[in-house]
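# Structural overview
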Amino acid sequence: MSTSRLATVRLRTPEGVAFSFRLASPALRLAALAIDFAVISASWSVISILFSLLGILSQDVARGASIVGYFLFSQGYRIGLEWRWRGQTIGKRLLQLRVIDERGLPLSFAQVVMRNLLRFIDALPAAYAVGGLAALLSTRAQRLGDLAAGTLVIWEPTEPMPDLAALRGEKYNSLRRHPGVVARLRQAIAPAEARVAWQALARRDQLEAESRVALFAELAAHFRSLTPMPDELLDGLSDEQFVRNVVDVLYLTRS
Amino acid sequence: MIVNLEQFVVEERPKWERLDALLRARARDPWRPLPLEEARELERLYQRASADLARLATFAAEPEARQYLESLVARAFAEFHGAEAEVRRVRPWVWLSTTLPQTFRRRCGAFHFALALFLAGSVFGMLAVALDPGAKSVLMPFGHLQGDPRERVAEEESGTKLGDLGERKGSFAGYLMVHNTQVTLLAMALGLSWGVGTLVIVFSNGVMLGAVVMDYLLAGQGVFLLGWLLPHGVIEIPAVLIGSQGGFVLAAALLGRGERLRLRDRLRAATPDVITLCLGAALLLVWAGLVEALLSQYHAPVLPYSAKIAFGLIEAAALSWWLARSGRTPPGSSLQGDRSP
């Protein structure tokens, strides 16, 4: 397992498959905590009405049941939901967070109970100061409960299917008439450079106009510098279209 | 450098989507039994997605497809390797009669340590009050115990307090259960302070009890004391000690003395036992709370001290038998429930 500055944890399975999880930031976790607190408060205001009905039998019994009921509900809410929903409470589900075993496995019941019972110490002296400090200092953003239970809180935004529509233009690509240039470009362009160009095209609509022009000018200049190109290949071609053509010949094979 | 990404994605997309759909269905209902055919399909798709991920990571430079596949493979990996734990059924009677007492015995070293600390605290409290009666106000932070024990006993036996208690027995029991459980869970959680916090809680509770005991003994109220404390104390004190036992198990895992396992593995190994002990302690405290509210506060002549003391002794014997004997496998049985400590 390894961690990086980008707050990810990389796991390698016994079969040799590697994948990574994005760790939830302390701020996101705090927001989920606040949502859960609000949910507990709101739910209890409803449930307590049911307990107050016990007052018909005895006010004393109603008070006693209410004291125990709130304790069980406030403690059991997280334990029950994290167990039932595989590491999620309502707050975590809304913010796309999930508690997982640090080996990438699902949580065991003992882990769920342990990390939640240790909130007693993480919440000390107030406002989760101990837990927050531990999470900030930990390379894997673990509060003490997570350290003891061997759990991580990860952020798992919905991963979209890879969309190739950004490249699938039907425009004529002048580069394809020069296989020698294409071969030299494929040889000279590093994977990281290709990735930058791909991302620039995929996100072009998110860029401001001036930034977009400057970015594609820089990319086009770099690609042009890698290999000599005939003039007719570049005539009348904008920087962005040139970059699009380069990425097209790097990623896609067409008959 | 680059695979034909478009062709690759177009070819593999249906398999990824099918795997995604199966995983979503599992997430919606994790406890649904997995039919053999579906399990085989899941395994096949998982292996295929893993291979795709390896291929993409080696030959291509496209982050979105890789992230999507990583997410898919991570979910499938968890589904496969966690299947055993998910299907285990909860059996309360087995847990109560076997799991808990076996865990207690397996970790009895931590309990003996907690007990020794508690007794040391009690002796300290007794000596402090015997040698300096003025220390009572410092060692016993309870207003109703600050007065002369003889006056309290006379008041309790006159029955003047019973009317008031009768109106708040339920809420008093509830308060006791919650408060004692919170203290016990805190004692367990403070095991993460390498046991120092747990040690302080156990010792200070011993000091308080010792001070109370000596105060009443010096006042010649030993019988009242036994009738008052035994019915709930013989359950409540062991419960707090069992919770603390969990804290010391946690502390021992942190310290790792004589262990070759890594810290992470030591904590992982200790976690189920700590949780079992804590849940057991909480259960005992529910009983203790009920007894304290419904029985302990009634004194002679309403309830004879002999009856209360006898009740306490029966409880102590039952608890001792349960913790020491319950869940033991018969000699010669092939199923060995207890592991050596």
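Bear in mind that the values here come from a model prediction, so they are computed numbers and not experimental data.

Below, the discussion takes up the interface of chain A and chain B. Each side of the interface is counted separately: chain A has 60 residues, and chain B has 61 residues. Note on chain A versus chain B: buried area summed over both sides is about 5400 Å², and carbon and sulfur give 67% of it. One can count four salt bridges joining chain A with chain B. When the shortest N-O distance is used, the salt bridge between Arg10(A) and Glu70(B) registers 3.1 Å. For the interface between chain A and chain B, the tally reads six residue pairs in polar contact (both at pLDDT 80 or more). Among the elements of the structure, strand 3 (18–23), helix 2 (59–84), helix 4 (109–117), helix 5 (119–122), helix 7 (144–149), helix 9 (191–202) and helix 12 (239–251) of chain A are those that each provide at least two residues to the side of chain A that touches chain B. If one sorts the elements of the side of chain A that touches chain B by residue count, helix 2 of chain A sits on top with eight residues. Considered class by class, the residues forming the side of chain A that touches chain B number 36 nonpolar, eight polar and 16 charged.

This brings us to the side chain of Arg26(B). Checked against the element boundaries, Arg26(B) lands in helix 1 (residues 5–28). Among the residues examined, Arg26(B) registers a relative accessible area of 6% and is labelled buried.

We now examine unusual backbone geometry. Residues and elements named next belong to chain A. Omega for the bond connecting Leu124 with Pro125 falls within 30 degrees of zero, at -15°, which places this linkage in the cis form. Within the secondary structure, Pro125 sits in the loop between helix 5 and helix 6 (129–137). We note that Ala127 has phi near 50°; this positive angle belongs to a residue other than glycine. Tracing the chain through its elements places Ala127 in the loop between helix 5 and helix 6. Residue Ala127 is classed as exposed on the basis of its relative accessible area of 73%. The residue Tyr128 is not glycine, and still its phi comes out positive at about 55°. Within the element layout of this structure, Tyr128 appears in the loop between helix 5 and helix 6.

Now for the environment of Phe224(B). Tracing the sequence through the fold places Phe224(B) in helix 12 (residues 222–255). Considered as a pair, Phe224(B) and Phe124(B) are 100 residues apart in the sequence and their alpha carbons are 22 Å apart.

A separate point is a nonpolar patch on the surface. All names here are of chain B. Taken together, Phe113, Trp194, Val196, Leu199, Val200 and Leu255 make up a surface patch of nonpolar side chains, about 600 Å² in accessible area. As for its position among the elements, Leu255 is in helix 12. Classification of Leu255 as exposed rests on a relative accessible area of 54%.

Residue and element names in this part refer to chain B. In total, this model carries 28 salt bridges over all chains according to the counting rule given. The salt bridge partner of Lys15 is Glu12, with a shortest N-O separation of 4.0 Å. With Lys15 and Glu12 both in helix 1, this residue pair falls three residues apart, about one helical turn. According to the relative accessible area criterion, Lys15 is partly exposed, its value standing at 29%. You can call Glu12 buried: its relative accessible area is 3%. A salt bridge links Arg75 to Asp20, with the shortest nitrogen-to-oxygen separation between them at 2.9 Å. Separated by 55 residues along the polypeptide, Arg75 in helix 3 (residues 63–81) and Asp20 in helix 1 bring together distant segments of the chain.

The next subject is the domain arrangement of chain B. Segmentation of chain B into domains returns domain 1 (5–81) and domain 2 (93–325). For domain 1 of chain B versus domain 2 of chain B, the separation of C-alpha centres amounts to 52 Å.

So, about the pairing of strand 4 (residues 97–101) of chain A. All names here are of chain A. When you tally the buried positions in strand 4, you get five out of five residues, the bulk of the element. Burial of strand 4 is two-sided: the residues Leu97, Val99 and Asp101 facing one way and the residues Arg98 and Ile100 facing the other way are all buried. In this sheet, strand 5 (residues 151–155) lies alongside strand 4 in antiparallel orientation, the contact comprising five bridges. Pairing of Ile100 across the sheet is with Leu152, part of strand 5.

The rules behind the values
- Residues numbered from 1 in each chain as written.
- Chains lettered and ligands numbered in written order.
- Predicted model: local features only at pLDDT ≥ 70, side-chain atom pairs only at ≥ 80, totals over all residues.
- Heavy atoms only, no water.
- Contact = heavy atoms within 4.5 Å.
- Buried area = accessible area lost by both parts, 1.4 Å probe.
- Salt bridge = Lys/Arg side-chain N within 4 Å of Asp/Glu carboxyl O.
- Polar contact = N/O pair within 3.5 Å; in protein donor to acceptor, adjacent residues only side chain to side chain.
- Helix = DSSP H or I, 4+ residues; strand = E, 2+ residues; numbered from the N terminus.
- Nonpolar A, V, L, I, M, F, W, Y, C, P; charged D, E, K, R; others polar.
- Buried < 20%, exposed > 50% of the residue type's maximum accessible area, 1.4 Å probe, protein only.
- Patch = residues over 30% accessible without salt bridge, like charges linked within 9 Å, V, L, I, M, F, W, Y side chains within 5 Å.
- Areas by Shrake-Rupley, 256 points an atom, 1.4 Å probe, with all protein chains shown as cover.
- Domains from an automatic or database assignment.
- Pairing = 2+ DSSP bridges.

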